[in-house]
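Fold and contact review
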Amino acid sequence: MYTTRELQDEIIRLKKENDVCILAHAYQSHDIWEVADYVGDSYGLSVQAAKAEQKTVLMCGVRFMAETVKILSPEKKVLLSSANAGCPMAEQMDVEMISRVKQMYPDYTVVAYINTTSELKTICDVCVTSSSAVQIVKNIDNKNILFIPDCNLGRWVANQIPEKNIKLLQGGCPTHVRMSVQDVEAARAAHPNALLLVHPECLPHVSAQADYIGSTTGIMDYAKKSDADEFIIGTENSIVQHLQFECPDKRFYPLSKDCVCHNMKLTTLGDVYACVRGVGGEEITLEDEVREGAKRCIDAMLALSAAN
Ligand code: 13P
Ligand code: SF4
């Protein structure tokens, strides 16, 4: 029987022996962060997906993230750490629905949050992530934008680019929308000197009260660099723990005890161990047509976020 530390050492040994690159989303647990080759937000993970040199890439996160790796590195074996780890928001809109909406708005550029299925990406024009959305939408030539599926992220983008005509649909992250204005009032009353840092997937009334709005990595960088000592964190609660670990002299409080993404929590260190031994996870496969169609959408994101 291994201790956590021994299991981590064994994972690190096996990933080298079996030529596996471990990518982990920032919402993964600390024991997984410690064995990963790269930890980051959705944008950082998609950049790393194209760069990995190993033959196998293990994505510790949710399904659309593993699909993004396969889309960008089709020659690699890509594993999703836990077969049941999906993103409920990614399942909210499908090809049939968005095809019908596109017929109603033929001269709109369709911008898809990366939290969408690969199939849906094939009929969209460009992907965005929370950290790249504003810059990318600004860089799109067309004034008319249909932004799917997250209306809260879309509203936050629209507020910053008033010159664009942005249409939104009613999708969103079931985890982030659990946080309410009442949670903000209670947290501010309990911690009057703390800054409120939130993810743009939060409801607009919550984001409107924030001192900073950004992606998971954005929130972490802001808290680390800030001169403030206390922070209320309005995103998945794993970020509270990661920040407390990395900044022991500062204090971090969750905006709500309910901001837990159970899909992101499915992966355990035991799953990672099984994957690097070649006996766990789900191998991602995509039909060529789907992969190529979705790649066009992700490539457009990478090109537009590099442009200024
Ligand atoms: P970021 O990784 O862009 O911060 O998004 C958070 C998220 O919900 C991922 O599913
Ligand atoms: Fe999806 Fe929300 Fe979980 Fe991110 S936090 S994976 S958007 S359900």
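For the structure itself, consult the block above.
Note that the structure is a prediction, hence the values are computed from the model and not measured.

Looking at the layout of surface pockets
What the largest pocket holds in volume is close to 300 Å³. Taken together, 29 residues make up the lining of the largest pocket; nearest its centre are Tyr27, Cys87, Asn115, Glu201 and Met264. Its residues placed into classes, the lining of the largest pocket shows 13 nonpolar, twelve polar and four charged.

Concerning the sheet that holds strand β7 (residues 144-148)
Spatial strand order, β6-β5-β7-β8: four strands in an open sheet with parallel pairing. Strand pairing shows two members of the sheet lacking a second neighbour, β6 (126-128) and β8 (165-168), which therefore form its edges. On average, adjacent strands in this sheet sit at an angle of 30° to one another, irrespective of strand direction. Alignment of strand β5 (residues 109-113) against β7, held across four bridges, turns out to be parallel. Counterpart to Val110 in the pairing with β7 is Leu146.

Examining helix α1 (residues 4-17)
When the terminal C-alpha atoms of α1 are compared, their 20 Å separation across 14 residues agrees well with the 20 Å that a helix rising 1.5 Å per residue should span. Of the residues making up α1, those classed as buried are Leu7, Gln8, Glu10, Ile11, Leu14 and Lys15. On an axial view of α1, the arc spanned by its buried residues comes to 160°, and they lie on one face. Seen from the open side of α1, the exposed residues pointing more than 90 degrees away from its buried face are Arg5, Lys16 and Glu17. The inward-facing, buried residues of α1 abut β1 (20-25), α2 (30-33) and α13 (269-276). Just beyond α1, the residue with positive phi is Asp19, at close to 55°.

Describing the packing of aromatic side chains
For any pair of aromatic rings, the description consists of the separation of the ring centres together with the inter-plane angle of the planes. Counting across every chain of the model gives four aromatic pairs. Aromatic pair Tyr212 and Tyr222: ring centres 4.5 Å apart, planes at 20°, arrangement stacked. Separated by ten residues along the polypeptide, Tyr212 in strand β10 (residues 212-213) and Tyr222 in helix α11 (residues 216-225) bring together distant segments of the chain. Here Tyr222 falls in the partly exposed class, since its relative accessible area comes to 28%.

As for the pattern of salt bridges
In total, this model carries 13 salt bridges according to the counting rule given. When the shortest N-O distance is used, the salt bridge between Glu236 and Lys265 registers 3.0 Å. In this pair, Glu236 sits in the loop between β11 (230-234) and α12 (238-246) while Lys265 sits in the loop between β12 (251-254) and α13, placing the two residues 29 residues apart along the sequence. Relative accessible area serves as the criterion here: at 39%, Lys265 is assigned to the partly exposed category. Close ionic contact of Lys257 with Asp258 constitutes a salt bridge, the shortest N to O distance being 3.2 Å. Residue classification places Asp258 among the partly exposed positions, given a relative accessible area of 38%. A single network of salt bridges, built from pairs that share partners, joins Glu10, Arg13 and Glu17.

Focus: the sheet that holds β12
Spatially, β10-β9-β11-β12 is the arrangement adopted by the four strands of the open sheet, whose pairing is parallel. In this open sheet, the two strands that pair with only one neighbour each are β10 and β12. Contacts between α11 and the sheet are confined to β9 (195-198), β10, β11 and β12, with β9 contributing the most and set at about 160° to the helix.

Section: the packing of α11 against α12
Where α11 meets α12, the axes come as close as 11 Å, and the angle between the chain directions of the two elements is 35°. Two packed elements cross with a definite hand, and for α11 against α12 that hand is right-handed. Counted together, Thr216, Ile219, Met220, Ala223 and Lys224 of α11 and Ile239, His242, Leu243 and Glu246 of α12 form the full contact between these two elements. Residue composition of the contact of α11 with α12, by class: five nonpolar, two polar and two charged.

About the cut-offs
- Here, residues in each chain are numbered from 1, in the same order as that chain's written sequence.
- Each chain gets a letter, beginning with A, and each ligand a number, beginning with 1, in the order they are written.
- Note on the predicted model: pLDDT of at least 70 is required for a residue's local features to be given, and 80 or more for side-chain atom pairs to be given and counted; whole-chain, interface and lining totals, by contrast, use all residues.
- For side-chain calculations, the full set of non-hydrogen atoms in the structure is used, while hydrogens and water are omitted.
- Residues are said to line a cavity or pocket when one of their atoms sits within 4 Å of a point; the points come from a 1 Å grid over protein atoms alone, cavities being sets where a 1.4 Å probe fits but cannot get out and pockets being open sets with protein on both sides within 12 Å along at least five of seven lines.
- Grid points are joined across faces, edges and corners, and a volume is the space filled by probe spheres set on the points.
- Asp, Glu, Lys and Arg are counted as charged, while Ala, Val, Leu, Ile, Met, Phe, Trp, Tyr, Cys and Pro are counted as nonpolar; the rest, among them Gly, fall into the polar class.
- Paired strands, in this sense, are two strands between which DSSP finds at least two bridges.
- The numbering of helices and of strands both runs from the N terminus, where a helix is a DSSP run of H or I of at least 4 residues and a strand a run of E of at least 2.
- Think of each axis as a best-fit line through the C-alpha atoms, taken over the contacting stretch in the case of a helix, with angles from 0 to 180 degrees between the N-to-C directions.
- For a helix, the expected span equals 1.5 Å multiplied by the number of residues minus one.
- Burial classification: accessible surface area is computed with a 1.4 Å probe over protein chains only, and a residue below 20% of its type maximum counts as buried, one above 50% as exposed, and the rest as partly exposed.
- The directions considered for the arc run from the helix axis to the C-beta atoms.
- Here, two residues are considered to be in contact whenever any of their heavy atoms come within 4.5 Å of each other.
- Working definition: a ring pair exists when centres of Phe, Tyr or Trp rings (six-membered ring for Trp) sit within 6.5 Å. Plane angles under 30 degrees give stacked, over 60 give edge-to-face, the rest tilted.
- The salt bridge definition used is simple: a Lys or Arg side-chain nitrogen within 4 Å of an Asp or Glu carboxyl oxygen.
- The sense of a crossing depends on the near helix, which, turned anticlockwise from the far helix by less than a right angle, makes the crossing left-handed and, turned clockwise, makes it right-handed.

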